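So the chains spell out like this:
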Amino acid sequence: MISLENLVTGYRGQALSQPISGQFRRGSLTAIMGVNGAGKSTLLKTIAGLLPPISGGVRLEQDAKQIAWLPQQSEIDHHFPLRVIEAVAMGSWPAKGMLSGIGRRMRNRIDDALEQVGLQDLAGRAINQLSGGQFQRMLFARMLVQDAPVMLLDEPFTGIDSQTSAFLLRVIDRLHAQGKTILTVLHSRPIVERHFPALLYLHDGHYHWGETADILLQSDERPPSLVRCAVEDFHP
Ligand SMILES: Nc1ncnc2c1ncn2[C@@H]1O[C@H](COP(=O)(O)OP(=O)(O)OP(=O)(O)O)[C@@H](O)[C@H]1O
C-alpha cells in the first residue's frame with residue numbers, strides 16, 4: 001500500500017495542490033489524470049522519492065528500490081550509446097547494483113522481458129536506432145526486468161502508435177493480474193474507462209479520488225465537465 005498523508009507537492013516551496021490524503025491499495029491499478037500542468041508528473045516523482053514534498057508525506061510499505069519508474073519519453077536521452085539489451089539489463093541495477101554482472105537467471109529474465117514486449121530480434125540494436133514505439137517497448141522490458149511490486153508510469157502512450165499502445169496496455173493488464181500496484185499518468189478517457197478501476201483526478205488545485213466510474217459520473221453531472229481530456233482515436 002502507498003499512503004499519501006496530507007501530501008503537498010511542488011517546486012521550491014511553491015505548492016501545486018491542496019493537501020492530498022488517501023491510499024493506493026496493494027494490487028490496485030490507478031489512472032492519474034488532469035489538464036497539462038495540473039501536477040501529475042510532480043505527484044508521481046514525489047511518490048517515487050525523486051522530489052521532496054512541500055509538506056505532508058508519502059508512506060510506502062516497501063523501500064524505494066522496489067519502485068519501478070517509467071519516465072515520460074521527453075525526459076530520456078535517446079542518444080546515449082547503449083544497445084537495447086544493455087538498457088533492458090539496467091532494470092536489474094536497483095536490486096543487484098551496477099557492477100554485479102549478469103548471471104544466467106538474470107539473462108533469462110532479460111530474454112523473457114524482451115520477448116514479452118516483442119523486441120527479441122532487436123536486442124543488439126543501438127537505442128538511438130529505435131522508433132518511438134520500439135523505445136517505449138524497451139522501457140517496458142526494463143521495468144519487467146526490475147519486477148518491482150510498485151510501478152509508476154508517466155504517460156506511457158503519449159506519442160506512441162495505437163497498435164503499440166494496445167500491446168503495452170495488455171502488458172499493464174497482465175502486471176495488474178499478477179498483483180502489482182500500478183499508478184499511470186494518462187490523458188485518454190476511453191483507456192481509463194476501460195482499463196483502470198481507480199482514478200485520481202487533479203483539477204484546479206483540488207483532487208477527486210475513487211472508483212473510476214464514480215469520478216467520471218460526478219464529472220459528467222457537473223458541467224463543464226470535470227474531466228476535460230483528449231479523446232484519442234484509439235479504443236483498445
Ligand atoms: N523542475 C521544475 N521546476 C519548477 N517548476 C516545475 C518543474 N517541473 C514542472 N514544473 C511546473 O509544475 C507544474 C506541474 O508540472 P507537471 O509536469 O507535474 O504537470 P503535469 O500535470 O504532469 O502536466 P503534463 O500533462 O503537461 O505533463 C507546471 O506548472 C510546471 O511548469
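Definitions and limits used
- Residues numbered from 1 in each chain as written.
- Predicted model: local features only at pLDDT ≥ 70, side-chain atom pairs only at ≥ 80, totals over all residues.
- Helix = DSSP H or I, 4+ residues; strand = E, 2+ residues; numbered from the N terminus.
- Buried ≥ 20, exposed ≤ 12 C-beta atoms within 10 Å, placed from the backbone.
- Contact = placed C-beta atoms within 7 Å.
- Pairing = 2+ DSSP bridges.
- Axes fitted to C-alpha atoms, helices over the stretch in contact; angles between N-to-C directions.
- pLDDT = per-residue confidence, 0-100.

Caption draft 1: Expanded view of the overall build of the protein. On a plain count of helices and strands, the protein comes out with eight helices and eleven strands. Across the 236 residues in the protein, those meeting the buried criterion constitute 36%. Considering only contacts in the protein between residues 6 or more positions apart, those separated by 24 or more positions represent 71%.

Caption draft 2: Summary view of the sheet that holds strand S10 (residues 198–203). Overall, mixed pairing links the six strands, which are arranged S7-S8-S9-S5-S10-S11 in an open sheet. The open sheet has two edge strands with one neighbour each: strand S7 (67–70) and strand S11 (206–211). Here the strands of the sheet are splayed against their neighbours by 15° on average, with no regard to which way each runs. Alignment of strand S5 (residues 29–33) against strand S9 (residues 181–185), held across four bridges, turns out to be parallel. Following the sheet pairing, Ile 32 is matched in S9 by Val 185.

Caption draft 3: Structural view of the environment of Met 1. Within the fold, Met 1 resides in the segment before strand S1 (2–8). For Met 1, a count of 14 C-beta atoms within 10 Å gives the class partly exposed. Those residues within four positions of Met 1 in sequence are excluded, and the remaining contacts are Gln 23, Phe 24, Arg 25, Arg 26 and Glu 61.

Caption draft 4: Molecular detail of the confidence of the model for the protein. For the protein, the average pLDDT comes to 86, and 86% of its residues sit at 70 or higher. Within the protein, the lowest mean pLDDT, 62, falls on helix H3 (residues 93–96), and the highest, 97, falls on S9. The ipTM assigned to the predicted complex is 0.96, against a pTM of 0.88.

Caption draft 5: Inspection of unusual backbone geometry at higher detail. You will see that Asn 6, though not glycine, has its phi angle at about 50°, which is positive. Residue position: Asn 6 is located in strand S1. A residue is classified by how many C-beta atoms lie within 10 Å of it, and Asn 6, with 12 of them, is exposed. In this model, Glu 155 sits at a positive phi of 50°, which is unusual for a non-glycine residue. Mapped onto the elements, Glu 155 comes out in the loop between strand S8 (150–154) and helix H6 (162–177).

Caption draft 6: Looking closely at the sheet that holds strand S4 (residues 20–24). Read across the open sheet, the three strands follow the order S4-S1-S6; overall the sheet is antiparallel. The open sheet is flanked by S4 and strand S6 (55–60), the only strands paired with a single partner. Neighbour to neighbour, the strand axes of the sheet diverge by 10° on average, direction disregarded. In this structure, S1 lies alongside S4, joined through four bridges in antiparallel fashion. For Leu 4, the partnering residue across the bridge sits in S4 and is Gly 22.

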